[in-house]
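Summary of the model geometry
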Amino acid sequence: MATKPFSVTRLPGFGAIAIAAFIALYAPIITLVVYSFNAANSVAIWGGFSLDWYRLAWENDQVQQAAIRSLVIATFAAGFSTLLATLAAVGTTRRGRFKGQTIIYVMINQPLMVPEIVTAVALLILFGAIRTATGIQGLGYLILAHTAFCIPFAYLPIRARLEGMDMSLETAAADLYATPWQAFRHVTLPLLAPGILAGAMLAFVISLDDVIITEFVKSAGQDTLPTYMLGQLRRAMTPEVNAISTALLVLTVLLLTGFFLITRGRQN
Amino acid sequence: MAQSRTRTAWLLSTPALVVLFCAAAGPLMIVLVYSFLSPGEYSGVVWDPTLEAWFRVLFRRDIFDGTVSLADAHLTIFWRSVKLSLLTTLITFVIGLPTAWFIATRPARSRPLWLFLITIPFWTNLLIRTFAIMQVIRNEGILNTALLKIGLIDSPIQLLNTDTAVLIGMAYVYLPLMVLPLFAAIDRFDFRLIEAAYDLYASRWRVLRRIILPIIRPGIVAGSILVFVPSLGAYVTPRVLGGGRNMMLGNFIELQFGQGRNWPLGAALSMVLLVIVTLALLVYVRASSRDEERG
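Residues numbered from 1 in each chain as written. Chains lettered and ligands numbered in written order. Predicted model: local features only at pLDDT ≥ 70, side-chain atom pairs only at ≥ 80, totals over all residues.

1. Considerations on the overall build of chain A
Looking only at helices and strands, chain A features eleven helices and zero strands. Each helix and strand of chain A, ordered N terminal to C terminal, gives the series α-α-α-α-α-α-α-α-α-α-α. In terms of C-alpha radius of gyration, chain A reaches 23 Å, well past the compact-globule figure of 18 Å for 268 residues. Dimensions of chain A along its principal axes, counting C-alpha atoms only, are 80 × 70 × 30 Å. Considering only contacts within chain A whose residues lie at least 6 apart along the sequence, 79% involve residues at least 24 apart. (Helix = DSSP H or I, 4+ residues; strand = E, 2+ residues; numbered from the N terminus. Rg over C-alpha atoms; globule rule 2.2 N^0.38 Å. Contact = placed C-beta atoms within 7 Å.)

Structure representation (structure tokens):
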């Protein structure tokens, strides 16, 4: 019997546990996707292949409106948060330390640290009071809340990109009599663009996925796809939920693949 | 120069800070204020400052004779939240360490692919992943069906709506949060150290305990915090997998904000959660700065 060559990186059992972990991570997701194509009205018994649940979800007014609402909120939240995060990243990155640096970092990353349920409760109280006092309804509250918690996700890739950038190019532009604005517009911004795009994609995914804050901030009839799905828990679960999940999954994976291609391009 | 640097930084950050203050940090102060008010008759609060909500976090007063006793129901929920969060952290570490080790020791060409495979679930909707695990562990789910078929069990195991289901679910959804920082630590690991240890007749177990674990400690601390903190505040996973009875702190807080419930108590509970999480983060910051000093 041939023995395996001795390797310092090998630890007994580690490979097996790792493979099992990957299988355990993906098996439930794959099962969920497979049952979205189930002809039967069940998420457990297979009744043959069909696209009926996609058609049903597509034709369901509630799902349609929730999907549109999710996309509208995510688009606005990603746009606003990326704009704000870009400004903040340009202001706080490179060019040395400044007073209050820690305060700004803590404030920007605060949504990553505070448990979402606590922020959700806080916003429920605040926005509830504003709604009662002013009578203003609409998606504005959701867009504001999403913009806030998307800021750190947009900020991080933009900052990472800025830190990896060569300052001498901007210095060269300044030497050639470019105004600070011209240097920013024609040198910094084009170089920064992949970071901004990556930040926007991440913010979009984060907004699209949010359940807790949306669940607490939304008023009646403002369901997004995730809160619609959460609402389905009370009813008997049909593969329609699987179909919606699969569609969301595909969208997320596409955006993430794009994100990885963009951020990897930086290293090459 | 330094002054104008500070001014530019603050000026450009102001728009983001304003939004964050309005829709994230600022409202937390309202919650703090609410925790010191009295509950309204149906919901909301009345402006009658009191410490009653904070008292009720841990104690209750008998309606008839006014005797004070510990609020058992609350303690049960606290204990379940802490217990399940610690267990989740432990399970994800035991599975996550080999997984991170495995990824870090792949050839440089295939490593990004394995890393991508662990990152996809990390960014995938938490609700979708919770639904996915729920459909697997239901009574009629794949797991029970498979176990029945191979004859390991005679009747389906009731997992859904138990603490075990919540634990499985949390370990499932938070595993990538453990693997990623562990990977980052192992990736920087100098494998010659292991070679040296083996040359000096160390056993595998000794190498793991005396060489690997101490060196990747920052990754272990970071992963544990990244799993423990969201576990403690978990809301979606216990709601979907635990049913109405196996509440964790997050669900209990939500319950207080329903109709006819106690908003100040909910506010006080939110603050308790926030304080525990802040303490955990402070422990992390201290531990990681100590690691940095050591170099």
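2. What about the overall build of chain B?
Along its length, chain B carries 13 helices and four strands. Based on the C-alpha atoms only, the size of chain B along its principal axes is roughly 75 × 75 × 35 Å. Looking at chain B alone, contacts between residues at least 24 apart form 69% of all its contacts between residues at least 6 apart.

3. Regarding the interface of chain B and chain A
Across the contact, 69 residues belong to chain B and 70 residues belong to chain A. The element best represented in the side of chain B that touches chain A is helix α1 (residues 2–34) of chain B, accounting for 22 residues. Taken together, the residues of the side of chain B that touches chain A sort by class into 49 nonpolar, 13 polar and seven charged. (Nonpolar A, V, L, I, M, F, W, Y, C, P; charged D, E, K, R; others polar.)

4. Comments concerning the UniProt feature "domain: ABC transmembrane type-1" (unreviewed entry) in chain A
Cross-referencing UniProt, the feature "domain: ABC transmembrane type-1" (unreviewed entry) maps to residues 67–262 of chain A in the present numbering. Here residues 67–262 of chain A runs as 80% helix and 0% strand, with 27 Å between its end C-alpha atoms. (UniProt positions renumbered as here; feature names shortened; annotations may be inferred.)

5. Focus on the packing of helix α3 (residues 61–92) of chain A against helix α8 (residues 180–209) of chain A
Residue and element names in this part refer to chain A. Following both chains from N to C, one finds α3 and α8 inclined at 140°, their axes separated by 8 Å at the closest point. By the criterion of interaxial angle, the relationship of α3 to α8 is oblique. Pair α3 / α8 crosses with right-handed handedness. Listed contacts from α8 to Ser70, Ile73, Ala74, Ala77, Ala78, Ser81, Thr82, Ala85 and Thr86 of α3 are Ile196, Gly199, Ala200, Ala203, Phe204, Ser207 and Leu208. Taken together, the residues of the contact of α3 with α8 sort by class into ten nonpolar, six polar and no charged. (Axes fitted to C-alpha atoms, helices over the stretch in contact; angles between N-to-C directions. Parallel < 35°, antiparallel > 145°, perpendicular 65-115°, else oblique. Left-handed = near helix turned anticlockwise from the far one by under 90°.)

6. Concerning the UniProt feature "transmembrane region" (unreviewed entry) in chain A
Residue and element names in this part refer to chain A. In the UniProt entry, the feature "transmembrane region" (unreviewed entry) is given for residues 12–37, 66–91, 112–133, 139–158, 187–208 and 243–262. Measuring from the first to the last C-alpha atom of residues 187–208 gives 32 Å, for a span that is 100% helix and 0% strand. Each end of residues 243–262 is marked by a C-alpha atom, and these two atoms are 29 Å apart; helix forms 100% of the span and strand 0%.

7. Section: the UniProt feature "transmembrane region" (unreviewed entry) in chain B
Residues and elements named next belong to chain B. Per the UniProt record, the feature "transmembrane region" (unreviewed entry) sits at residues 12–37, 84–104, 113–137, 165–186, 207–229 and 265–285. Span residues 84–104 is 100% helix and 0% strand, its end C-alpha atoms 29 Å apart. Helix makes up 100% of residues 265–285 and strand 0%. Its end C-alpha atoms lie 30 Å apart.

8. Thoughts on unusual backbone geometry
Residues and elements named next belong to chain A. Positive phi is not limited to glycine here, since Tyr177 has a value of about 65°. Tracing the chain through its elements places Tyr177 in the loop between α7 (168–175) and α8. Accessibility expressed as a C-beta count within 10 Å gives 8 for Tyr177, which makes it exposed. (Buried ≥ 20, exposed ≤ 12 C-beta atoms within 10 Å, placed from the backbone.)

9. Describing the nonpolar core
Ranked by internal contacts, the top residues of the largest apolar core, which has 150 residues, are Val121, Leu123, Ile151, Ala154 and Ala203 of chain A. Looking at which element gives the most residues to this core, the answer is helix α7 (residues 163–187) of chain B, with 18 residues. Aside from chain neighbours lying at most four places away, what touches Leu123 of chain A is Ala145, Ile213, Phe216 and Val217 of chain A together with Ala23 and Pro27 of chain B. (Core = buried A, V, L, I, M, F, W, Y, C linked by C-beta atoms within 7 Å.)

10. As for the confidence of the model for chain B
Of all residues in chain B, 97% attain a pLDDT of 70 or more, and the chain-wide mean is 88. Scored by ipTM, the complex comes to 0.88, with pTM at 0.89. (pLDDT = per-residue confidence, 0-100.)

11. What to know about the environment of Gly40 of chain B
Residues and elements named next belong to chain B. Secondary-structure assignment places Gly40 in the loop between β1 (38–39) and β2 (45–46). A residue is classified by how many C-beta atoms lie within 10 Å of it, and Gly40, with 15 of them, is partly exposed. Between the C-alpha atoms of Gly40 and Leu147, which are 107 residues apart in sequence, the distance is 52 Å. Apart from residues no more than four positions distant in its own chain, Gly40 is found in contact with Val45 and Val46.

12. Things to note about the environment of Ile158 of chain A
Residue and element names in this part refer to chain A. Position of Ile158 among the secondary structure elements: in helix α6 (residues 140–163). Linking Ile158 and Leu87, residues 71 residues apart in sequence, is a C-alpha distance of 9.9 Å. Non-local contacts of Ile158, meaning those with residues more than four positions away in its chain, are made with Ala85, Thr86, Ala89, Leu192, Gly195, Ile196 and Gly199.

13. Some details on the confidence of the model for chain A
In the predicted model, chain A carries a mean pLDDT of 88, and 96% of its residues have values of at least 70. By mean pLDDT, helix α11 (residues 239–267) of chain A is the weakest element of chain A at 84, and α3 of chain A is the strongest at 95.

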